[in-house]
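Now for the letters of each chain:
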Amino acid sequence: MLTLASKLKREDGLKGSRTSAASSDSTRRVSVRDKLLVKEVAELEANLPCTCKVHFPDPNKLHCFQLTVTPDEGYYQGGKFRFETEVPDAYNMVPPKVKCLTRIWHPNITETGEICLSLLREHSIDGTGWAPTRTLKDVVWGLNSLFTDLLNFDDPLNIEAAEHHLRDKEDFRNKVDDYIKRYAR
């Protein structure tokens, strides 16, 4: 993270000292998204839930990162669930794109990784969708909460998982445990 932050500071310093076309060609404009991400990533890292870890494969690309959620309670306790997050150029006017990379049996996450979390929706009927005032911290805390208080069987994306829970809670728990053993270690 410091790499991009120091790059931004260096480029700000170069604005006043450009003397030739060659020096202006050697620096690249920094997008609004990237400037926001420097601040938001610092805030996120300072306020991560204890069950979450963030990894940036390339510290110069804060718009692509992975999140690992390791729930410490509930059905999903003991599993490690990885999410891939890509922050689009139009951020913060549009939400980040998030996909679950770990196969999971969950009412709000499909087995192919699609996620039902209102704050990831650009437009939401209930008014809880994405807004420019939201941040990456909100996204991470929301994903973490899908394993505890936001676990929603009443408005599922994975209808089969929700119906399974309704039919037989013990068998649902067994299937979740099986998925954790096979895919989430």
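Located above this text is the structure these notes cover.
Residues numbered from 1 in each chain as written. Predicted model: local features only at pLDDT ≥ 70, side-chain atom pairs only at ≥ 80, totals over all residues. Heavy atoms only, no water.

(A) Seen up close, the sheet that holds strand E3 (residues 81–86). Spatially, E1-E2-E3-E4 is the arrangement adopted by the 4 strands of the open sheet, whose pairing is antiparallel. Two strands bound the open sheet, and with one partner strand each, they are strand E1 (52–55) and strand E4 (97–100). With strand direction ignored, the average angle separating the axes of adjacent strands in the sheet is 20 degrees. Pairing analysis gives 4 bridges linking E1 to strand E2 (residues 64–69), with the strands arranged antiparallel. (Pairing = 2+ DSSP bridges. Helix = DSSP H or I, 4+ residues; strand = E, 2+ residues; numbered from the N terminus. Axes fitted to C-alpha atoms, helices over the stretch in contact; angles between N-to-C directions.)

(B) Seen up close, the environment of valine 87. If you trace the backbone, valine 87 turns up in the loop between E3 and E4. Classification of valine 87 by relative accessible area gives buried; the value is 1%. Expressed as a C-alpha distance, the spacing of valine 87 and valine 98, which sit 11 residues apart in the sequence, is 8.6 Å. Setting aside anything within four residues of it in sequence, one finds valine 87 in contact with Arg33, Leu37, His63, Phe65, Pro96 and Leu136. (Buried < 20%, exposed > 50% of the residue type's maximum accessible area, 1.4 Å probe, protein only. Contact = heavy atoms within 4.5 Å.)

(C) Spatial organisation of the packing of helix H3 (residues 32–46) against helix H4 (residues 136–145). Packing of H3 against H4 brings their axes to within 8 Å, and their N-to-C directions diverge by 40 degrees. What the angle tells us is that H3 and H4 run oblique. In contact with Leu37, Glu40, Val41, Glu43 and Leu44 of H3, H4 contributes Leu136, Lys137 and Val140. Across the contact of H3 with H4, the residue classes break down as 5 nonpolar, no polar and 3 charged. (Parallel < 35°, antiparallel > 145°, perpendicular 65-115°, else oblique. Nonpolar A, V, L, I, M, F, W, Y, C, P; charged D, E, K, R; others polar.)

Distances and angles like these do not, on their own, reveal function.
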